[in-house]
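Residue-level listing of the chains:
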Amino acid sequence: KIKIRFINYKRRLNRIIAEEKPDIIHVHSLIYRLDGVNFPANKIVYTFHADVERALRIYSKRNFNVLKKMSSHGLSFFALTEKAKDDIKKHFNTDRIFITPNSVDIDSIKSNAFCREKFLSKLNIPDSAFVVGHIGRFHKVKNHERIIDIFNAVHKKRRDSFLVLIGGDEDGRMSVIRERIDNCGLGDYVRFLGVRDDATAIISCLDVFILPSFSESFPLVTIEAQALGIKCVVSETVPNEVICNSNCIRLSLNESNESWAESILIDSQNVCDGDIYKFDKKNVISQLIGLYEKIAG
């Protein structure tokens, strides 16, 4: 039954391809479903949106094998960063790798910022408070335990500090983080906002955005925070290409919580002359079209 279902699935894909006659098929996750369909591998593009090493651990061996096979037949890769390009080359031994970033609408982000005073009032946070924030699902890779420990170090230095956490629960981890907060005596100073459609606008109400993740491929939330001029303190797993503003600081996870707190609280900066608009959707779309035309021939 499974075999018949898969054959029928490929037949449906082949029928769609025959009707639509695409010049390019761009895959962003599981490629094994395209194995054996009537479309040339050298017209297929694949993008890793997670860190390449992590993605290869998460995805099935079958997905890797199909990707390897298609790569040997001319499949092209879009890499988000130089590191991703190096990792792809190491695993798939191909030169058909093109670097192109993810994108956001920079002007829309800037024009939709919230009024800080009104928003914080809804959360029962004084406008004069020092507000630290994080956006990310409650997955182990986002390192929420470390977020709490860092905020605890911040709060010991600034008693008027608050932490805002945006993101949905995953595998019951939110309750684990709530317990850690209670154990630190921080319950009155942390706000859980869950999944929010207006998460980007909320960033505009922060003093500092933090991202001490164990792994990041290309965190768009860091781009959004920088577009709003919000200070960012992120782990070194965030690619250097993402850093555009001088008030966006990368720190090692080996640094102490006190060192992170110091970087969050003081007016620390780095030397940076990046252009945030290189991630604007208009520029990235233009770049993508050019790459598609090159691959399509």
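Above this text you will find the structure in question.
Residues numbered from 1 in each chain as written. Predicted model: local features only at pLDDT ≥ 70, side-chain atom pairs only at ≥ 80, totals over all residues. Heavy atoms only, no water.

Caption draft 1: Here's a closer look at the state of the cysteines. Under the defined criterion, the tally for this structure stands at zero disulfides. Looking at the unpaired Cys-205, the closest cysteine sulfur is the one in Cys-115, lying at 7.4 Å. (Disulfide = S-S within 2.5 Å.)

Caption draft 2: Representation of the side chain of Asn-247. Of note, Asn-247 is situated in the loop between strand S9 (231-235) and strand S10 (248-251). Residue Asn-247 is classed as buried on the basis of its relative accessible area, which comes to 15%. Asn-247 has contacts with Gly-229, Ile-230, Lys-231, Cys-232, Ser-268 and Gln-269, leaving out every residue within four places of it along the chain. (Helix = DSSP H or I, 4+ residues; strand = E, 2+ residues; numbered from the N terminus. Buried < 20%, exposed > 50% of the residue type's maximum accessible area, 1.4 Å probe, protein only. Contact = heavy atoms within 4.5 Å.)

Caption draft 3: How the structure looks around empty space enclosed by the protein. As enumerated under the stated definition, the model contains one cavity of 30 Å³ or more in all. Taken as a whole, the largest cavity encloses approximately 80 Å³ of empty space. Along the walls of the largest cavity sit Phe-48, Ala-50, Asp-51, Val-52, Leu-80, Thr-81, Lys-83, Ala-84, Asp-87, Glu-216, Ser-217 and Pro-239, which together make up its complete lining. Class assignment for the residues of the lining of the largest cavity results in six nonpolar, two polar and four charged. (1 Å grid on protein atoms, 1.4 Å probe; cavity = no way out; pocket = protein on both sides within 12 Å on 5 of 7 lines; lining within 4 Å. Points joined across faces, edges and corners; volume = space filled by probe spheres on them. Nonpolar A, V, L, I, M, F, W, Y, C, P; charged D, E, K, R; others polar.)

Caption draft 4: Here's a closer look at the sheet that holds strand S2 (residues 44-47). Taken in spatial order, the four strands of this open sheet run S1-S2-S3-S4, and their pairing is parallel. Lying at the two open borders of the sheet, with one neighbouring strand each, are strand S1 (25-27) and strand S4 (97-99). In this sheet, neighbouring strand axes are inclined to one another by 25 degrees on average, regardless of whether the strands run parallel or antiparallel. Pairing of S1 with S2, which is carried by three bridges, proceeds in the parallel orientation. Within S2, the residue paired with Val-27 across the bridge is Tyr-46. Most of the contacts of helix H12 (residues 281-296) go to strand S3 (residues 76-79), to which it runs at about 165 degrees, and overall it touches S1, S2, S3 and S4. (Pairing = 2+ DSSP bridges. Axes fitted to C-alpha atoms, helices over the stretch in contact; angles between N-to-C directions.)

Caption draft 5: How the structure looks around the pairing of S9. Burial analysis of S9 places five of its five residues in the buried class, the great majority of the element. Alternating positions in S9 separate into two faces, Lys-231, Val-233 and Ser-235 on one and Cys-232 and Val-234 on the other, with burial throughout. Where strand S8 (residues 208-211) and S9 come together, four bridges link them in parallel fashion. Within the sheet, the bridge partner assigned to Ile-210 lies in S9 and is Val-233. Between the parallel pair S8 and S9, the chain is carried across by helix H10 (residues 220-227), and the sense of this crossover is right-handed. Relative to S10, S9 runs parallel, the two being bridged by four bridges. Bridge pairing in S10 links Cys-232 to Cys-248. (Right-handed = clockwise from strand over helix to strand, strands pointing away.)

Caption draft 6: Layout of unusual backbone geometry. A positive phi is found at Asn-93, a non-glycine position, where the angle reads about 50 degrees. Counting through the fold element by element, Asn-93 comes out in the loop between helix H4 (82-92) and S4.

Caption draft 7: Seen up close, the sheet that holds S10. On the basis of which strands lie adjacent, the open sheet formed by six strands has the order S7-S6-S5-S8-S9-S10 and parallel pairing. Taken across any chain shown, the strands that pair with only one partner, and hence form the sheet edges, are strand S7 (190-194) and S10. When strand polarity is set aside, the average angle formed by the axes of neighbouring strands in this sheet is 20 degrees. The pairing of strand S6 (residues 161-166) with S7 spans four bridges and is parallel. Looking at S7, one finds that Leu-165 is bridged to Phe-192. Contacts from helix H7 (residues 144-157) reach strand S5 (130-135), S6, S7 and S8 within the one sheet, and its direction differs from that of S6 by about 165 degrees.

Caption draft 8: Quick look at the layout of surface pockets. By volume, the largest pocket amounts to about 430 Å³. Around the largest pocket, the lining comprises 21 residues; the ones closest to its centre are Arg-137, Lys-142, Glu-216, Phe-218 and Pro-219. If you list the elements that add at least two residues to the lining of the largest pocket, you get helix H9 (199-203) and H10. Looking at the lining of the largest pocket residue by residue, the class counts come to nine nonpolar, six polar and six charged.

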